[in-house]
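Examining the three-dimensional arrangement
Chain by chain, the residues run as shown.
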Amino acid sequence: MSSLWEYANPRKFMATSGALLPWVSGLAVLCLVGGLFWGFFLTPDDFRQGSTVKIIYLHVPAAIMAINVWLMMLVASLIWLIRRHHVSALAAKAAAPVGAVFTAIALFTGAVWGQPMWGTWWEWDPRLTSFLILFLFYLGYIAMWEAVENPDAAADLTTVLCLVGSVFAVISRYALLFWNQGLHQGASLSMDAEQNVADVFWYPLVTCIAGFFLLFLALVLYRTRTEIRARRLRALLAQERTA
Amino acid sequence: MPDLGRYATEVLTAYGVSIVALAALVWLSVRQARRVRRRLEDVEARRRAPG
Amino acid sequence: MIALILRDLRLAFRAGGGFGLALAFFLIVVVLVPFGVGPETGRLSGIAPGILWLGALLACLLSLDRVFQLDWEDGSLELLATSALPLETLAFAKAIAHWLTTGLPLVVAAPLLGVMLNLPGPAYPWLAASLAVGTPGLSAIGTFGAALTVGIKRGGLLLSLLVLPLYVPSLIFGAMTATRAAEALDPLPPLALLAGLSLAAAAAMPFAAAGALRVNLR
């Protein structure tokens, strides 16, 4: 069995990700289309929330992935910081826009869902507000990557930003709990809860979560490949200029 | 098409905007990938030609 | 380190050093608020703690891009980096100098401006206390942001985008301290949390700032 670190070699990563990509994206499309179709057409309305319950198939997966993408970026940044594998830094860069879009989807679907249920588009509820702050963190992180010319310096600076941002994201989360009691319900999918959402909603929801996850995986592989190519292009052009 | 009752606008907006956002993300990724790939192939071909 | 702080203070007080600019900005923000929300004293006194904290925070932000920028441009930052002084100490000294030139004047000015916004009586000491405790944290966090963006041309806007989300917890606890005092509730818990936050920022942020500086000086 070979070591995981072999994939830190860009050539090896390109070969493996190229072989994986069609499968992952195929599965992602299958799960997303299947899950959303199942949720949209084949599930009953909730007796209290009516048809708005269908928004859950977008809202919950996007929200789960919005947080996990940041975690993945944190891990990738740490790997870059400790082991200096370029692919890792580029993967973190590639993931950030995906995370930002997922966060935006979670916020938007939440607003559209909140309007009929709570009677307001936006409520300064701790959960909503912490997602808004998470969105700002994503924007800052992306802007930092764009602003620095030297790619290694950009990778290092965004790593520091990601570490500090993660700490502050957690602090903000608890500060917001202190600040305001919310309208948002508690976790509806925890493993230890006795009462989760009913099975009819549960299976399509899990399919959608898998779909969002696979979509994220496919996009990160794909975008990391682009970043590796862009890095190589940059190096070649720099060589030509000095030659 | 299922009967969405009086919340049809909300549900359809949520689905519509989300799917558009995901599609835009995929489209931008593909466009960027194609552009970088083409430029890289150009440069590599140029370097191979004289040497 | 003390020499460094004194040097920064002298530079700030010199003409064009930018001392007082943050204070004037704070004053203008506070003066503009009644134009925006209307002159009713009842409404103003309700939002006064939040406005004063927000104004102080923005004034703090305004002077952040000067923390390292001037030293970076004339090359003295590289000299300082090659001296025996560790970069962590340098970042800490810079944060202290920033607080002395920006945070401290804001703490002094805030109660005076509170009068203009009709801040309720019991809130004055707590407002001053929360600013005194909170602004060092803002300076420490801001120094980190300044260190991140020091090499970037026109980094000021990026600096705001990076630093403002990091200010959220301080703003929440700081404004809450003053608000609770104004509403005759116990203001001590948020103040204690704010103090913890500032101490943690002052302890940890110089290391992050030094890490960012090292990358930018490479």
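Heads up: these notes are all about the structure in this document. In this convention, every chain numbers its residues from 1, walking through the sequence in written order. Chain labels run from A onward and ligand labels from 1 onward, assigned in the order the entries are written. At least 70 in pLDDT is required for a residue's local features to be given in this predicted model, at least 80 for side-chain atom pairs to be given and counted, and no such filter applies to totals for whole chains, interfaces and linings, which use all residues. Heavy atoms throughout the structure, all of them, feed into the side-chain values; hydrogens and water do not.

1. A closer look at the overall build of chain B
- A helix here means a DSSP run of H or I that spans at least four residues, while a strand means a run of E at least two residues long, and both kinds are numbered starting from the N terminus. Within chain B, the regular secondary structure consists of one helix and zero strands.
- Of the accessible surface of chain B, which amounts to about 3500 Å², a share of 56% is contributed by carbon and sulfur atoms. Using a 1.4 Å probe, accessible areas were evaluated by the Shrake-Rupley method; residue-level cover was limited to the displayed protein chains.

2. Topic: the overall build of chain C
- Along chain C, the regular secondary structure elements total 10 helices and zero strands.
- Its helices and strands in sequence order give chain C the pattern α-α-α-α-α-α-α-α-α-α, from N to C terminus.
- Over its C-alpha trace chain C gives a radius of gyration of 18 Å, about what one expects of a compact globule, namely 17 Å for 218 residues.
- The C-alpha extent of chain C, read off along each of the three principal axes, is 55 × 35 × 30 Å.
- Between buried and exposed lies partly exposed: a residue is buried under 20% and exposed over 50% of the maximum accessible area for its type, with that area taken using a 1.4 Å probe on protein chains only. Here chain C, with 218 residues, has 51% of them falling under the buried criterion.
- As displayed, chain C has an accessible area near 9200 Å², and 72% of this comes from carbon and sulfur atoms. For the radius of gyration, the atom set is restricted to C-alpha positions; the globular benchmark scales as 2.2 Å times the number of residues to the power 0.38.

3. Focus: the interface of chain B and chain A
- Whether two residues touch is decided by their heavy atoms; if any such pair falls within 4.5 Å, the residues are in contact. With 29 residues of chain B at the interface, the matching set in chain A holds 38 residues.
- Put simply, buried area is the surface a 1.4 Å probe can reach on two separate parts but cannot reach once they are joined, added for both. The junction of chain B with chain A conceals about 3100 Å² of combined surface from both sides, 73% of it contributed by carbon and sulfur atoms.
- One side-chain nitrogen of Lys or Arg within 4 Å of one carboxyl oxygen of Asp or Glu is enough to make a salt bridge. At the boundary of chain B with chain A, the tally comes to two salt bridges.
- Note that Arg46 of chain B and Glu240 of chain A form a salt bridge whose closest N and O atoms lie 2.8 Å from each other.
- Counted as a polar contact is a pair of N or O atoms within 3.5 Å, where, for protein atoms, one must be capable of donating a hydrogen and the other of accepting one, and residues adjacent in sequence contribute only when both atoms are in side chains. Our count for the contact surface shared by chain B and chain A stands at five residue pairs in polar contact (both at pLDDT 80 or more).
- Gly is put with the polar residues, along with every residue not named as nonpolar or charged; the nonpolar set is Ala, Val, Leu, Ile, Met, Phe, Trp, Tyr, Cys and Pro, and the charged set is Asp, Glu, Lys and Arg. Of the residues belonging to the side of chain B that touches chain A, the class tally is 18 nonpolar, four polar and seven charged.

4. A word on the interface of chain A and chain C
- Listed by partner, the interface residues are 25 residues for chain A and 24 residues for chain C.
- Summed over both sides, the interface between chain A and chain C buries roughly 2000 Å², with carbon and sulfur atoms accounting for 88% of that surface.
- Ranking the residues of chain A by area buried against chain C places Leu157, Phe168 and Phe178 of chain A at the top, with a combined share of 28%.
- Going through the elements one at a time, helix H4 (126-147) and helix H5 (151-179) of chain A are the ones with two or more residues in the side of chain A that touches chain C.
- The leading source of residues in the side of chain A that touches chain C is H5 of chain A, at 15 residues.

5. Structural notes on the side chain of Ser18 of chain B
- With respect to the helices and strands, the residue Ser18 of chain B is situated in helix H1 (residues 8-48).
- Setting aside anything within four residues of it in sequence, one finds Ser18 of chain B in contact with Leu58, Ile105 and Thr109 of chain A.

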